[in-house]
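Inside the fold
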Amino acid sequence: MRFPHSRRRRRWNIRLTPLIIPVLIISIGIFLVFVNTRLNPIFLEYAKVQTNKIASLVISRATNSRVTNVMDVNDIIEEVPTESSNMVTTRFNTEIINRVRADTTTLVQSHLEQAEQGNLELLPENDYEFDKDAMQEKGGIVFYVPLGQAANIPLIGNLGPKIPIRFHLIGNVESNIGTDIREFGINNAYVEVYIHMKVNVQIIIPMATTSSVVEQRIPVAIGLVKGPVPHIYTNGDSSNAPSVEVPLPLDADPPE
């Protein structure tokens, strides 16, 4: 007894089998490309945040000794004589400031380079999984994060494959001197002299790369600069602004 329908099905299965495997492979490839395209921006943004944290921590550890030796701003202010005997001009001692800036920049550069070479003592201890072997072989700071954590998927959390993230320095560490001066009381000012540190890094994840800038502010000198109290103090530029007259002590008793 013959079953024509069964034979037809068998023939169709034989004909379709060679097509199913390529279609399945192509479908998986398209799906992976789609997922990769959608997730890459998320991975890059996550990598930037984590890179900033790690690089900032390395800079902080490099400058801890420097921060403990923050100077009084009055120690780097020097008086400059003028033609008038009643006038004195002040300025910052640029020699001291530039020396501190150069030393701090060299220290930060050295710490970042040591971290790239696999010195784990300069990196966070428990928050990240670093690949010391990869760092020593190819350079750069390499760490892994779970797919669920990088993609911000709470259901899988720390599960899933681990995504490698690598970042390394681009060029030298840049630094500039900045000042922050704020009015404090009458003719006084709160002054902070700081180093604005800028580190350019390249971030690499599977199938994508980008660059980022890590910035940090490192204090050099902080303090209150006191000026002479004026005889008359006016708060504002308007002619109607209130003024306060400061009485002066008399050198001698008034004549009788």
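See above for the structure.
Residues numbered from 1 in each chain as written. Predicted model: local features only at pLDDT ≥ 70, side-chain atom pairs only at ≥ 80, totals over all residues. Heavy atoms only, no water.

Concerning the overall build of the protein
Across its full length, the protein carries four helices and 11 strands. Looking at the protein as a whole, 30% of its 256 residues qualify as buried. Excluding contacts between residues fewer than 6 apart, the proportion of contacts in the protein whose partners are at least 24 apart in sequence is 58%. Accessible surface, the protein as shown: approximately 17700 Å² in total, 55% of it carbon and sulfur. (Helix = DSSP H or I, 4+ residues; strand = E, 2+ residues; numbered from the N terminus. Buried < 20%, exposed > 50% of the residue type's maximum accessible area, 1.4 Å probe, protein only. Contact = heavy atoms within 4.5 Å. Areas by Shrake-Rupley, 256 points an atom, 1.4 Å probe, with all protein chains shown as cover.)

Things to note about the nonpolar core
The nonpolar side chains of a soluble globular protein tend to be buried with one another. The biggest cluster of nonpolar side chains holds 47 residues, and the ones touching the most others in it are Leu 123, Phe 130, Phe 143, Ile 165, Phe 167, Val 193 and Val 199. Mapped by element, the contributors of at least two residues to this core are α1 (4-68), α2 (94-116), α3 (132-138), β5 (141-146), β6 (162-169), β8 (188-205) and β9 (208-226). When residues no more than four places from it in sequence are discounted, the contact partners of Val 193 are Val 73, Ile 76, Phe 92, Ile 97, Ile 177, Gly 178, Thr 179, Pro 219, Val 220 and Ala 221. (Core = buried A, V, L, I, M, F, W, Y, C linked by side-chain atoms within 4.5 Å.)

What to know about the side chain of Ser 175
In this structure, Ser 175 sits in strand β7 (residues 174-183). For Ser 175, the side chain forms a polar contact with the side chain of Thr 105, separated by 2.8 Å. Sequence-distant contacts of Ser 175, defined by excluding residues within four places in its chain, comprise Arg 101, Thr 105, Ile 195, His 196 and Met 197. (Polar contact = N/O pair within 3.5 Å; in protein donor to acceptor, adjacent residues only side chain to side chain.)

Let's talk about α2
Its 23 residues give α2 an end-to-end C-alpha distance of 33 Å, which sits within 8% of 33 Å, the value for a rise of 1.5 Å per residue. Taken residue by residue, α2 has Ile 96, Ile 97, Val 100, Thr 104, Thr 105, Val 108, Gln 109, His 111, Leu 112, Ala 115 and Glu 116 as its buried positions. Capping the start of α2 is the job of one residue whose side-chain oxygen sits 3.2 Å from the backbone nitrogen of Glu 95: Asn 93. Backbone geometry just downstream of α2 places Gly 118 in the positive-phi region, at approximately 105°. (Expected span 1.5 Å × (residues − 1).)

A word on the pairing of β7
Bridge analysis of β7 against β8 gives 10 bridges, and the strand direction is antiparallel. Across the sheet, Ser 175 pairs through a bridge with Met 197, a residue of β8. (Pairing = 2+ DSSP bridges.)

Looking at the environment of Ile 205
Examined against the element boundaries, Ile 205 turns out to sit in strand β8. Taking the C-alpha atoms as reference points, Ile 205 and Ile 163, 42 residues apart in sequence, are found 7.6 Å from one another.

Some points on the pairing of β9
In terms of strand pairing, strand β1 (residues 71-72) meets β9 through two bridges, oriented parallel. Of the residues in β9, the one forming a bridge with Asp 72 is Ile 222. By the bridge criterion, 18 bridges tie β8 to β9 in an arrangement that is antiparallel. Bridging across to β9, Val 193 finds its partner in Ala 221.

Digging into the pattern of salt bridges
Under the criterion given, the structure shown has five salt bridges. Ionic pairing is found between Arg 91 and Glu 78, a salt bridge with its closest N-O pair at 3.0 Å. Here Arg 91 is found in strand β3 (residues 88-92), whereas its partner Glu 78 is found in strand β2 (residues 77-81), with 13 residues between them in sequence. On the basis of relative accessible area, Glu 78 is assigned to the partly exposed category, the value being 27%. The partner of Arg 217 in a salt bridge is Asp 180, and the shortest N-O contact between them spans 3.5 Å. You can see Arg 217 sitting in strand β9 and its partner Asp 180 sitting in strand β7, a full 37 residues away along the chain. What you see here is one network of salt bridges that share partners, running through Asp 180, Arg 182, Glu 192 and Arg 217. (Salt bridge = Lys/Arg side-chain N within 4 Å of Asp/Glu carboxyl O.)

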